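Each chain, letter by letter, is given below.
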Amino acid sequence: MDLLRSLPLGLYLEQPITWLHYLDSRVKFVWLMSFLAAPLLANPYCRLLLVVLLILLTLTAAIPLRVWRQQMVWLLTLSFFVFVLTAIAPDGLSTNHQPRLPDDELAFAQQPATLATTAPKPRPWDRYNPFGSKQQASPETPSTQPRTLSSLPQPTNYRYVLVSAGPITLTRQSLDLAIRVSTLLFTLIYSTNLYLLTTAPEEITAGLESLMRPLRRLNWPVTEIALTLTLSLRFIPLVLEEVQNLVRSVRTRAINWKKLGVRKTLQVWLMVAERLLENLLLRADQIASAMTVRGFTSPNEHRVQWHQLRLRRCDWVAVGSLIVFWGARLVWGGEA
């Protein structure tokens, strides 16, 4: 099992260089924030289009299939199961449905038709009425068939319950919630991974430091934050490498897990986790010692120029596309 090849989460793809690599890190960061903010208060069609747009960006960038195939399959599978479970789950909309007609309306319709033709009893004040109390004959005989709510004509073909088959009930609320959760999960994970895949850690650091430059007026340690972010991004491959080495060391020992039992199996994996933590702390101490030997005591005394930031023509095209993207999102992507 090679985690660095089969599951390259958070790793930078050095070769081949695609058109996404040429974009400025600040432009790509703004695009990333747009992908994360666009699903908010968006309709289901807009959320699905965001997923399709991310897949098209991956295909048009000509990223090697071995890099994104496995993680794309796993992520799509996870999103599909989340969609199915959320769709068939109760939608949580508890409302008390009330009939549009009064309670006695149906009972009155089921009475025999002779009630309508029965002559009314004479009243004492009818003798003072010059027109009398004559009843006009009804031109049409009332129907004896009772009319229920289901037989009444409906104004539209709207149905809240879309599918009802046994214990499975699919409503509009549950379907909308399933689309929201599944697409948000895919967009959140894959857009971040695509950004880290096509942007070097030094470029990310330089771009964030440039964007956070106004915060220096508020005495924020912008350079320290950028340095910490760079070290964190560089530490991700080291974590995957340590996990991979420990898993290989356990597999080479050919442990018979069936004979160990549950208790001893938990003890073995607890020892592995403890060893992993020790190795990670040792790597962090080695990085700190290397920085101290090279004279890096503070960012003010040891200034490092991470990356030269410069906007090219392709960056301005990406900025223009971002304006069009948000224009379409605000006009057609909002909730009804």
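Residues numbered from 1 in each chain as written. Predicted model: local features only at pLDDT ≥ 70, side-chain atom pairs only at ≥ 80, totals over all residues. Heavy atoms only, no water.

## Notes on the pattern of salt bridges
Note on pairing: side chains with opposite charge can pair once their charged atoms come close. In total, this model carries 5 salt bridges according to the counting rule given. A salt bridge links arginine 180 to aspartate 176; the nearest nitrogen and oxygen atoms lie 2.7 Å apart. Of this pair, arginine 180 and aspartate 176 both sit in helix α8 (residues 172-197), 4 residues apart, which is roughly one turn of the helix. One salt bridge in this structure joins glutamate 209 and arginine 216, with 3.0 Å as the shortest N-O distance. Accessibility expressed as a relative area gives 7% for glutamate 209, which makes it buried. (Salt bridge = Lys/Arg side-chain N within 4 Å of Asp/Glu carboxyl O. Helix = DSSP H or I, 4+ residues; strand = E, 2+ residues; numbered from the N terminus. Buried < 20%, exposed > 50% of the residue type's maximum accessible area, 1.4 Å probe, protein only.)

## Quick notes on the pairing of strand β1 (residues 161-165)
Regular strands place side chains that alternate from one sheet face to the opposite one. In this sheet, strand β2 (residues 168-171) lies alongside β1 in antiparallel orientation, the contact comprising 4 bridges. Bridging from a neighbouring strand, valine 161 pairs with threonine 171 of β2. Connecting β1 to the antiparallel partner β2 that follows it, the hairpin turn spans 2 residues, and glycine 166 within it adopts a positive phi of roughly 70°. (Pairing = 2+ DSSP bridges.)

## Observations regarding the packing of aromatic side chains
According to the stated counting rule, one finds 7 aromatic pairs in the structure shown. Considering the side-chain rings of tryptophan 31 and phenylalanine 325, the 5.4 Å spacing of their centres and the 50° angle between planes classify their relative orientation as tilted. In this pair, tryptophan 31 is assigned in helix α3 (residues 25-37) and phenylalanine 325 in helix α12 (residues 313-332), connecting sequence segments 294 residues apart. Of the two residues, tryptophan 31 and phenylalanine 325, both sit in the buried class. Judged by centre distance (6.0 Å) and plane angle (45°), the rings of phenylalanine 35 and phenylalanine 325 are tilted. On the criterion of sequence distance, the pair formed by phenylalanine 35 in helix α3 and phenylalanine 325 in helix α12 is long-range, its members being 290 residues apart. The same class applies to phenylalanine 35 and to phenylalanine 325, which are both buried. Aromatic rings pair up to connect Trp31, Phe35, Phe325 and Trp326 into one cluster. (Phe/Tyr/Trp six-rings, centres within 6.5 Å; stacked < 30°, edge-to-face > 60°.)

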